[in-house]
Amino acid sequence: MADPTAQLFALVDVNNMYVSCERAFNPRLHNRPVVVLSNNDGCAVARSNEVKALGVKMGTPWYQMQDLVRQHGIIGLSSNYVLYGDMSNRIMTILRGYSPNVEVYSIDESFLSLNGLDGMWASPAAMGQDNRTRILQWTGLPVCVGVGNSKTQAKLANHVAKKFTLFDSVCDFTTMSAARMRWLLVRIDVGEVWGVGRRISAKLHDMGIHTVQDLKEASPRSIRAHFGVVMERTCQELRGLSCLALEEVAPQRKEIVSSKSFGNMAIELGELEEAVSTYIARASEKLRAQRSRCGAVHVFVQTNRFRQQDPQYSNGVTVPLIEPTDDSRLLAGAALQGLGVIFRDGYITTRKRA
């Protein structure tokens, strides 16, 4: 018998959002390798599955792909954030027809609370399939749906729906047998859990926690002792105990950070400029989504401190703006100005932040 106090969440996520939007308006792009490029057409900010299969990573500069472009006919498209924002709004409107409680997590992801709504469908999976079909029919965008008793479970179920074709794009953890769930979770690296970054993942591996199942079975008290209360909650959420409430109106952030490490070492200013432009564009999306404006841009770079054989360097600069803005072009200009101030030749950079 199901626990009447259990929470029920769904996560709906658009597959390769930017590429899917372009394909919705140009069917000739279907089943062809496509990348969407950053504002200055510098590097990849979205990749079709065909391009991912070729090993192209997020943020790869366009000029580095030219051999693959010639060999496989990769199509590079300039980004169109107005289009992507409009398509996102259409999807959110559809989702509110399934639940009155929706948290817009990002431009392509939303959490739904399904509490008290289970009688409207034969099962949560049936709801997910209906949702998936409707979004595809009304917008042309493919989505995957994950269902769980916590937001972390729903996020993980969505990952399973994408990676395991046997689920037909919808995975429901709430009705899955314990044996089948274990079969899945021992096959997924712990780094795939929502909120487990690269550093935490490495530490967990050192502790012998390699898979999602390992983390689920770990002692919450021990996890808290090593990583703090947030990771303890993650551990509990994997067990189906909801610790994270739905944020129907996300609080406005006073600071928005877009920070990533390079998959490959970067040494040229051009590579850094392309990367900073990409992540400024993403930060600008978040800024506009919460109807805010930015008064200053901080840019920070550092070398890989774990590569002691390389010369070490880190620096950052804050560039104030004459007037607060949410314009990606103005923000990118300020960020690139700051990058020019702190850039030094001869260092191999692994992280950039805007």
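Our subject is the structure that appears above.
The structure reproduced in this document is the subject of the present report.

Parameters at a glance
- Numbers given for residues are sequential positions, taken from 1 along each chain in its written order.
- Given that the model is predicted, a residue must reach a pLDDT of at least 70 before its local features are reported, and side-chain atom pairs must reach 80 or more before they are shown or counted; all residues, however, enter totals for whole chains, interfaces and linings.
- Here the side-chain values reflect all heavy atoms present in the structure, with hydrogen atoms and water set aside.
- Here a strand is any run of E in DSSP of at least two residues, a helix any run of H or I of at least four, and the numbering for each starts at the N terminus.
- A 1.4 Å probe rolled over the protein chains alone gives each residue an accessible area, and that area as a share of the maximum for its type sets the label: buried under 20%, exposed over 50%, partly exposed in between.
- Whether two residues are in contact is decided by their heavy atoms: any pair within 4.5 Å suffices.
- Two strands make a pair as long as DSSP finds a minimum of two bridges between them.
- To obtain each axis, a line is fitted to C-alpha atoms, and for helices this fit is confined to the stretch in contact; angles are then taken between N-to-C directions over 0 to 180 degrees.
- We define a nonpolar core as any set of buried Ala, Val, Leu, Ile, Met, Phe, Trp, Tyr and Cys residues linked to one another through side-chain atoms lying within 4.5 Å.
- Salt bridges, as used here, are contacts in which a Lys or Arg side-chain nitrogen is within 4 Å of a carboxyl oxygen on Asp or Glu.
- Residues adjacent in sequence count toward polar contacts only when both atoms are side-chain atoms; beyond that, a polar contact is any pair of N or O atoms within 3.5 Å, and within protein one must be able to donate a hydrogen and the other to accept it.

Quick word on the overall build of the protein chain
Okay, so step 1: Summing up its helical and strand segments, the protein chain has 13 helices and 12 strands in all.
Okay, so step 2: A total of 354 residues make up the protein chain; the buried ones form 48% of that total.

Quick notes on the side chain of Glu 232
Okay, so step 1: When you line up the elements, Glu 232 lands in helix H11 (residues 229-238).
Okay, so step 2: For Glu 232, a relative accessible area of 16% gives the class buried.
Okay, so step 3: Setting aside residues no more than four positions away along its own chain, Glu 232 makes contact with Pro 220, Ile 223 and Arg 224.

Topic: the sheet that holds strand E2 (residues 34-37)
Okay, so step 1: Here we have three strands laid out as an open sheet, ordered E3-E2-E4, and mixed in their pairing. The outermost strands of the open sheet, each flanked by one partner alone, are strand E3 (44-47) and strand E4 (75-78). Mean inter-strand twist for the sheet, computed between neighbouring axes without regard to direction, equals 30°.
Okay, so step 2: Relative to E4, E2 runs parallel, the two sharing four bridges. By the bridge assignment for E4, Val 35 is matched with Gly 76.
Okay, so step 3: On the sheet, helix H1 (residues 17-25) packs against E2, E3 and E4 and is oriented at approximately 110° with respect to E2.

Points about the sheet that holds strand E7 (residues 143-148)
Okay, so step 1: Strand order across the open sheet formed by five strands is E5-E6-E1-E7-E8, with mixed pairing between neighbours. This sheet does not close on itself; its edge strands, each paired only once, are strand E5 (102-106) and strand E8 (170-172). Between one strand and the next, the sheet's axes are offset by a mean angle of 15°, whatever the strand orientation.
Okay, so step 2: Here strand E1 (residues 9-14) pairs with E7 via six bridges, running antiparallel. Paired with Leu 11 across the two strands is Gly 146, which belongs to E7.
Okay, so step 3: Contacting E1, E5 and strand E6 (109-113), helix H4 (residues 81-95) runs over the sheet at an angle of about 10° to E6.

Topic: the nonpolar core
Okay, so step 1: In terms of nonpolar packing, the biggest core is built from 37 residues, with Tyr 18 and Leu 112 touching the most fellow members.
Okay, so step 2: Broken down by element, the residue count for this core peaks at eight residues, all from H4.
Okay, so step 3: Setting aside residues no more than four positions away along its own chain, Tyr 18 makes contact with Val 36, Val 45, Ala 46, Tyr 81, Tyr 84, Ile 107 and Glu 285.
Okay, so step 4: Ranked by size, the runner-up nonpolar core spans 27 residues in total, among them Ala 157, Phe 167, Met 176 and Leu 185.

Let's talk about the pattern of salt bridges
Okay, so step 1: Tallied over the full model, the rule gives 11 salt bridges.
Okay, so step 2: A salt bridge links Lys 155 to Glu 109, with the nearest nitrogen and oxygen atoms 2.4 Å apart. With a gap of 46 residues between them, Lys 155 in helix H6 (residues 151-163) and Glu 109 in strand E6 connect regions that are remote in the sequence.
Okay, so step 3: With a closest N to O distance of 3.2 Å, Arg 224 and Glu 232 form a salt bridge.
Okay, so step 4: By relative accessible area, Arg 224 is classed as partly exposed at 45%.

Section: the environment of Asp 13
Okay, so step 1: With respect to the element layout, Asp 13 can be found in strand E1.
Okay, so step 2: As for Asp 13 and His 159, which are separated by 146 residues in sequence, their C-alpha atoms are 9.4 Å apart.
Okay, so step 3: Here Asp 13 is in contact with Asp 108, Glu 109, Pro 142, Val 143, Cys 144, Asn 158 and Lys 162, once residues within four sequence places are set aside.
Okay, so step 4: A polar atom in the side chain of Asp 13 sits 2.5 Å from the side chain of Lys 162.

A word on the pairing of E2
Consecutive residues of a regular strand have side chains that alternate between opposite faces of the sheet.
Okay, so step 1: Here E2 shows no split at all, with Val 34 and Val 36 on one side and Val 35 and Leu 37 on the other all buried.
Okay, so step 2: Relative to E3, E2 runs antiparallel, the two being bridged by three bridges. Within the sheet, the bridge partner assigned to Val 36 lies in E3 and is Ala 46.

Thoughts on the environment of Ser 48
Okay, so step 1: Of note, Ser 48 is situated in the loop between E3 and helix H2 (49-52).
Okay, so step 2: Along the backbone, Ser 48 and Arg 32 are 16 residues apart, and their C-alpha atoms lie at a distance of 8.0 Å.
Okay, so step 3: With near-sequence residues (within four places) excluded, Ser 48 lies in contact with Asn 16, Val 19, Arg 23, Arg 32, Pro 33 and Val 34.
Okay, so step 4: Within polar-contact distance, the side chain of Ser 48 engages the side chain of Glu 50 at 2.9 Å.

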